[in-house]
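Descriptive analysis of the structure
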Amino acid sequence: MGFWVVIPAYDEERSIGATLRRLAEQTDTGFTLVVVDNGSTDGTAQVVKEFAAENGAFDVRIVHEPEKGTGAAADTGVRHAVAAGATHVARTDADCLPHRGWVAALKRAFGDGLEMVSGPLLPRTDEFPLKFWERRLLPAVIDLAALFGRLRPGNQDPLYLGPYVMMPGCNVAITADLYERAGGFPRTRIEDVHEDRALVNRVRYLTGAYGLRDDVVVYGSVRRLRAYGLVRTLGWYADHRYRPPVVDIR
């Protein structure tokens, strides 16, 4: 299995080091990593280069995508991986910590016949001390967003081959074949389109072999929740009904 991990990154000098170290701690390091520098103005690329020089567990590559947008950067990374021989590609984000068994769990899911897989997104606890309500709130926000997704008219079409499943872009993996057949992530900015939702719906026209696994766990930053607050965060995920003046929270 040619397994790759893609990380789109924009001005993540302070966060991406922890993400890289967590990948180096995976129980299965049989993968290649590609970080897509999405026009960063800080030292993101330098942090990755220093990690690559010190890391011996897996190959690390950096590619550059000047077109602003998580969709554009993620698509560039996946297509780079596929062109280099990847058969399966996972994506996480530069402010996230995959569980140490994340890669192994994804490989098991693919071995069981899934072509696209995701799992729980839980709050990070290492960025700053979390209050009790913050620990509870991120999973609740995810659950509400998933419910909204199932009810959203745009996610309903009799031609879909399976139900809507929320698969956050920071915790998703897909076969190279299905990615190319589906057209990949739309090359958009996150403030315009939630590219992960768009990819899920593209896949639903092609196959029902997708789903969630409880052991495919990623811990995500709560910085957006802390910056926006609960109501505005829900509005952001509900088709951008809330549009913040600053999208890239750092």
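Report on the accompanying structure. (Residues numbered from 1 in each chain as written. Predicted model: local features only at pLDDT ≥ 70, side-chain atom pairs only at ≥ 80, totals over all residues. Heavy atoms only, no water.)

Examining the environment of Trp4
Test applied: Comment: elements are numbered from the N terminus, with helices defined as DSSP H or I runs of at least four residues and strands as E runs of at least two. Each residue is assigned to one of three classes by its accessible area relative to the maximum for its type, calculated with a 1.4 Å probe on protein chains only: buried under 20%, partly exposed between the two thresholds, exposed over 50%.
Position of Trp4 among the secondary structure elements: in strand β1 (residues 3-9). Residue class for Trp4 comes out buried when judged on its relative accessible area of 5%. When the C-alpha atoms of Trp4 and Thr32 are compared, they prove to be 4.7 Å apart, with 28 residues separating the residues in sequence.

Considerations on the pairing of strand β4 (residues 88-91)
Worth spelling out the cut-off: Strand pairing is assigned whenever DSSP detects at least two bridges linking the two strands.
Of the two faces of β4, the one carrying His88 and Ala90 and the one carrying Val89 and Arg91 are both buried. As paired elements, β1 and β4 share four bridges and run parallel to each other. Its bridge partner lying in β4, Val5 is registered against Ala90. Direction of pairing for β4 relative to strand β8 (residues 172-175): antiparallel, over a ladder of four bridges. Its bridge partner being in β8, Ala90 is matched across the sheet by Ala173.

Focus: the packing of helix α1 (residues 16-24) against helix α2 (residues 44-54)
Filter applied, for reference: Fitted lines through C-alpha atoms serve as axes, helices being fitted only where they are in contact, and the angles separating the N-to-C directions of these axes extend from 0 to 180 degrees. Should an angle fall under 35 degrees it is taken as roughly parallel, and over 145 as roughly antiparallel, whereas 65 to 115 is taken as roughly perpendicular and any remaining angle as oblique. Each crossing gets its hand from how the near helix is turned against the far one by less than a right angle, where anticlockwise is left-handed and clockwise is right-handed. Note on definitions: a residue-residue contact is assigned when non-hydrogen atoms from the two residues lie within 4.5 Å. When residues are sorted by character, Ala, Val, Leu, Ile, Met, Phe, Trp, Tyr, Cys and Pro go into the nonpolar class, Asp, Glu, Lys and Arg into the charged class, and all the rest, Gly among them, into the polar class.
The contact between α1 and α2 brings their axes to 10 Å, and the two run at 25 degrees. In terms of orientation, α1 lies roughly parallel with respect to α2. For the pair α1 and α2, the sense of crossing is right-handed. Residues Ile16, Gly17, Leu20, Arg21 and Ala24 of α1 touch α2, and the partners they reach there are Thr44, Val47, Val48 and Phe51. Residues that form the contact of α1 with α2 fall into these classes: six nonpolar, two polar and one charged.

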